[in-house]
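Breakdown of the fold
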Amino acid sequence: LAFLNSSVGIEVEDLRPNAGTDSKEVFAYKGGIRSYVEHLNANKTAVHPEIIYFSGRSEESNYELEIALQYNDSYTESVFSFCNNINTHEGGTHLSGFRSALTRSLNNWAKKNKMLKGDESIQGDDTREGLAAIVSIRVPDPQFEGQTKTKLGNRDAQGFSEAVVNEHLGNYLEEHPGIARRIIQRAIDAAAARKAARKARDLARRKSVLSGTGLPGKLADCISRDRESTELYLVEGDSAGGSAKLGRDSRIQAILPLKGKILNVEKHRLDKMLSHTEVSAIITALGTGIGSEDFDIEKLRYGKIVIMCDADVDGSHIRTLLLTFFFRHMPGLIDNGNLFVACPPLYKVSRGKKAEYILSDEEMNSTLMRLGLEGTVLEYRHDGKTIKFEDKELTALLKNVQELQGLEKVMNRRGLTFSDVLKLREEHGRVPVYRGLYKGEEIFFADNDVYQKFLKEHEEVEVEEEDIMISVESLGENTLLLAEMSFANDVERLTVTLQEKGFKLEQYLAPKDAAADPEFFLVTPKITTDHKSLSDLVEGILAVGEQGLEVQRYKGLGEMNPDQLWDTTMNPENRLMLRVTVEDAMKADQLFTLLMGEVVEPRRKFIEKYALDANLDV
């Protein structure tokens, strides 16, 4: 809304105590939709530095139109349209008018300046490759089509939009011939790539006709031809593909093994992509065609497309590459709800003849905790009294302790120990919310009020926020390097919770006196164990849960027998699958550009920002 209305500023403020340095955010953009386009192209390289902007108004219909556009070096289109501030994500007449006038204006200039030969012309898809644009129209009486009311239907909006674009874009191209040539040359290059891609598709189709089936040789197809009931599994690796073929229900489940990591399509045009064996196999197997010219959801051969990769880092990378491919080139599958991600287990846990499969380390921890708590009682012996915790009370206490363990990891990643935090809490009356480095000395701020007071007393201070607190020699004399202690408020909350249960935060750690008697006793049906700290209790319960268990950790899908793969990941009766959806297309577009695109610096900053919070299985 702030982008679309340049004269409006919107402030959002968190008024809760200790809300943090990001408690207030202001959305105000004097540049309006120009700033919007800047935002879209933040992690991309612009083809021309200046954002092209123009607007128009019709006295007769009282329509108002604003358009801002800029080309970048990506191969995808990021055009968003609005009517009266409503995101018309299905498009409509105003967007159709913009697109047709854009294509016409570029073709007219190209022919006039002899950039095209004879009857050559640039098609609409070519003119929109790498285009970031905002089309915003204001209409007194909007008529929307469909149930979602996100497609503008006013017929005269198309003619109005065309007229505005024809006039203003035509004038801009005449006045800026250098930029015009760059834009049109980009479109010509896109057209050449499209023709190469068309030849590759035609060649693939001719091969399909000659081979008879027209399907990839590696594809193990299913028997049924009923699209709604059938599934295609895209499986990481030939080994896992072999297990999947033997374990599947061949009536409804097809298997396509993928060798290695597929091409990162974010960095390559369609022609390059189609020459890649694995990508070509996926396109052929699905049958829908690809791109706005050829894609037809009605030709989809399977009701569910399931990405099935190993539950490790490599598997996550391959899954991300596949999601990039589908988001960029077959978004219709996502919009239609056809794309899924399989959830194979990471562990198999057996006790006697009973076995269960575990999806993640977190679930493994919960399982061991559940098993360890069966019939276990905690006796807290303090000051000659014994307090017992069992069942729900004991479970709740251990969850609090586990949360503290998670916070301890966060502290350690930021160079602090739990003992350091306890000492800081004693000095400041609570765990400080900020940690700073100023003039070579470390300082802490108990809450936002203390921090604001410091800023008032040191007006010359320039604040530089960092997630990692390190000594930086290049810091200016009056620079305060500030890091938020993100765990502070959670530690304070858990302190209160433990006090209500009769414990002190200090009891999380073992007493400093090594000779002190233990106060915690875990009483199980078979054995009683003593412990000197709350943190030890979790390990004690997990040890009880592990007794008699046989744990197998799967390094990949290929390690599973066909029947195990069927039971855990492919059986429709008990499998877990995630449906892939897009909640915010613009954020998704930016994230794929950031993580998979050509520009390295924004990705490096992203990694630095979230490195301390990452929990990678490497």
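Because the structure is a prediction, the values reported are computed rather than measured.

Let's talk about the sheet that holds strand β20 (residues 462–465)
- Across the sheet, 4 strands lie side by side as β19-β18-β21-β20; this open sheet has mixed pairing. Single-partner strands in this sheet number two, and they are β19 (441–445) and β20. Pairs of neighbouring strands in the sheet enclose a mean axial angle of 30 degrees, with direction left out of account.
- Two strands pair when backbone bridges link them, and strand β18 (residues 434–438) and β19 are joined in this way by 5 bridges, in the antiparallel orientation. Note on β19: the bridge partner recorded for R435 is F444.

A few points about the pairing of β18
- Buried residues dominate β18, accounting for 5 of its 5 residues.
- A two-sided burial pattern is seen for β18, the buried positions comprising Y434, G436 and Y438 on one face and R435 and L437 on the other.
- Where β18 folds back on β19, the antiparallel hairpin that results is connected by 2 residues, among which K439 adopts a positive phi of roughly 55 degrees.
- Note that β18 and strand β21 (residues 479–484) share 5 bridges and pair antiparallel. Within the sheet, the bridge partner assigned to G436 lies in β21 and is L482.

Some thoughts on the packing of aromatic side chains
- By the definition in use, this model includes 15 aromatic pairs.
- Between the aromatic rings of Y380 and F520, the centroid separation amounts to 5.3 Å while the plane-to-plane angle is 15 degrees, which identifies the pairing as stacked. Highlighted residues: Y380 in strand β16 (residues 377–382) and F520 in strand β22 (residues 520–523), separated in sequence by 140 residues.
- Cluster of aromatic residues (ring-pair linked, three or more members): Y434, Y438, F445, Y451 and F454.
- The ring of Y53 carries R34 above its face, with NZ or CZ at 3.8 Å from the centroid.
- Above the plane of the ring of F521 lies R381, whose end atom (NZ or CZ) is 3.7 Å from the centre.

Here's the deal with the pattern of salt bridges
- Counted by the stated rule, this structure contains 29 salt bridges.
- Notably, a salt bridge pairs R194 with D126, separated by 2.9 Å at the nearest N-O pair. Highlighted residues: R194 in helix α5 (residues 177–211) and D126 in helix α3 (residues 124–127), separated in sequence by 68 residues. Accessibility classification places R194 together with D126 in one group, the buried group.
- When the shortest N-O distance is used, the salt bridge between R435 and E442 registers 2.6 Å.
- We classify E442 as partly exposed; its relative accessible area is 41%.
- In this structure, a network of salt bridges that share partners links the residues K44, E266, R328 and D589.

Observations regarding the sheet that holds strand β25 (residues 577–579)
- Pairing is mixed across the open sheet formed by 5 strands, whose spatial order is β11-β10-β12-β13-β25. Both outer strands of the open sheet, β11 (253–258) and β25, are each paired with one neighbouring strand and no more. In this sheet, neighbouring strand axes are inclined to one another by 25 degrees on average, regardless of whether the strands run parallel or antiparallel.
- In this sheet, β11 lies alongside strand β10 (residues 231–236) in parallel orientation, the contact comprising 6 bridges. Looking at the pairing, Y233 lines up with I255 of β11.
- Packing against the sheet, helix α8 (residues 277–286) makes contact with β10, β11 and β12 (304–308), and its axis sits at approximately 165 degrees to β11.

Here is what the cut-offs are and how they apply
- Residues numbered from 1 in each chain as written.
- Predicted model: local features only at pLDDT ≥ 70, side-chain atom pairs only at ≥ 80, totals over all residues.
- Heavy atoms only, no water.
- Pairing = 2+ DSSP bridges.
- Helix = DSSP H or I, 4+ residues; strand = E, 2+ residues; numbered from the N terminus.
- Axes fitted to C-alpha atoms, helices over the stretch in contact; angles between N-to-C directions.
- Buried < 20%, exposed > 50% of the residue type's maximum accessible area, 1.4 Å probe, protein only.
- Phe/Tyr/Trp six-rings, centres within 6.5 Å; stacked < 30°, edge-to-face > 60°.
- Lys NZ or Arg CZ within 6 Å of the ring centre and 35° of its normal.
- Salt bridge = Lys/Arg side-chain N within 4 Å of Asp/Glu carboxyl O.
- Contact = heavy atoms within 4.5 Å.

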